[in-house]
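# Secondary and tertiary structure notes
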Amino acid sequence: MTLMLTVFPAGPLETNAYIVADSDDGSAIIVDAPPGSEDALVHAAADAGLVVHAIFITHAHWDHIGDAAALKQRTNVPLLAHRLCQESLEHPERSKFDIPIEIEPVLVDQFIDEGDSVSVGSHVFEVLHLPGHEPGHLVLYSAPERMMIGGDVLFPGGHGRIDIPGASKEEMDRSLGRLAEFPPDVTVYPGHGVETTIGAEAWLEQYRGSGT
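Residues numbered from 1 in each chain as written. Predicted model: local features only at pLDDT ≥ 70, side-chain atom pairs only at ≥ 80, totals over all residues. Heavy atoms only, no water.

Another aspect to go through is the sheet that holds strand β3 (residues 27-31). Taken in spatial order, the six strands line up as β1-β2-β3-β4-β5-β6 in an open sheet, and their pairing is mixed. Lying at the two open borders of the sheet, with one neighbouring strand each, are β1 (3-10) and β6 (110-111). Each of β1, β2 (15-22), β3 and β4 (51-56) is contacted by helix α1 (residues 38-47), which is oriented at about 20° to β2, the strand it contacts most. Of the strands in this sheet, β3, β4 and β5 (79-81) are in contact with helix α3 (residues 68-75), which crosses β4 at around 155°. (Pairing = 2+ DSSP bridges. Helix = DSSP H or I, 4+ residues; strand = E, 2+ residues; numbered from the N terminus. Contact = heavy atoms within 4.5 Å. Axes fitted to C-alpha atoms, helices over the stretch in contact; angles between N-to-C directions.)

Dropping the structure here:
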């Protein structure tokens, strides 16, 4: 029952997409769909003999959803996202950001939120709502695997930007406070760059207690 994770950086901001798969039964999910990632994700899944059953969107900033519509069409699987991401996914032309690419609208098939779960074969990820960088920001957490797929909440040495439309320092402080409570050996796979661990980010301790 081995859980496999493969990263695919793509797009102008080198945004990470992930394939998360159960090596025993070949089931998989895709996390995020940055521009230019579609072919690599589809071909990698096919080459590995994986059956993708969902696309999970951590948050609806343009660099994480650029290929969402194309990827959904290619895989014919449901797209999962927080309800607060619906507007950006279904009407990207209304974005408050200066988007450098054209993004095709895509419908959300299933709204998910804190307390829901996403399965990958025999592995079950908890869904956590950790806003601050973006109102509908979600992460996936597996306690048995000590693994978190964290989008743009936490990076090595820092956190997601809070000086952009829709961001909130207060909400980010609460989200970081929640992260500070996780075991130090949890590996966090971020939306940009390389992975880190909760323990490696000692600066998180300043937020402990602010997660309530």
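One open sheet holds the six strands; their spatial order is β7-β8-β9-β10-β13-β14, and the pairing between them is mixed. Among the strands making up the open sheet, the edge pair consists of β7 (117-120) and β14 (196-197). Summarising the sheet, β7 and strand β8 (residues 123-129) pair through four bridges and their orientation is antiparallel. Its bridge partner lying in β8, S119 is registered against V124.

This part covers the packing of aromatic side chains. For the structure on display, the rule yields three aromatic pairs. Seen from their ring centres, Y141 and F182 are 4.7 Å apart, and the 80° between their planes marks the pair as edge-to-face. Pair noted here: Y141 is in strand β9 (residues 138-142) and F182 is in the loop between α5 (169-179) and β13 (187-190), with a separation of 41 residues, a long-range link. Looking at F182, the relative accessible area reads 17%, which means it is buried. Here W203 and Y207 contribute two aromatic rings whose centre-to-centre distance is 6.1 Å and whose plane-to-plane angle is 85°, an arrangement assigned as edge-to-face. Exposure remark for W203: the relative accessible area of 21% places this residue in the partly exposed category. (Phe/Tyr/Trp six-rings, centres within 6.5 Å; stacked < 30°, edge-to-face > 60°. Buried < 20%, exposed > 50% of the residue type's maximum accessible area, 1.4 Å probe, protein only.)

Moving on, we get to unusual backbone geometry. The phi angle at D32 is positive, at roughly 70°, despite the residue not being glycine. Residue placement: D32 occurs in the loop between β3 and α1. On the basis of relative accessible area, D32 is assigned to the buried category, the value being 2%.

Right, let's get into α5. All of the buried residues along α5 are M172, D173, S175, L176, G177 and L179. Each element contacted by the buried residues of α5 is listed here: β10 (147-151), β11 (154-155) and β12 (158-159). For α5, the capping residue at the N-terminal end is S168, with a side-chain oxygen 3.4 Å from the backbone nitrogen of E170. (Polar contact = N/O pair within 3.5 Å; in protein donor to acceptor, adjacent residues only side chain to side chain.)

Here we take up the side chain of S37. Summarising the element assignment, S37 is placed in the loop between β3 and α1. If we skip the residues at most four places from it in the chain, S37 touches A10 and D67.

Considered for burial, the residues of α1 that qualify are E38, L41, V42 and A45. Down the axis of α1, the smallest arc covering the buried residues is 95°, so these residues share one side. Looking one or two residues beyond α1, the residue adopting positive phi is G49, at roughly 70°. (Arc of directions from axis to C-beta.)

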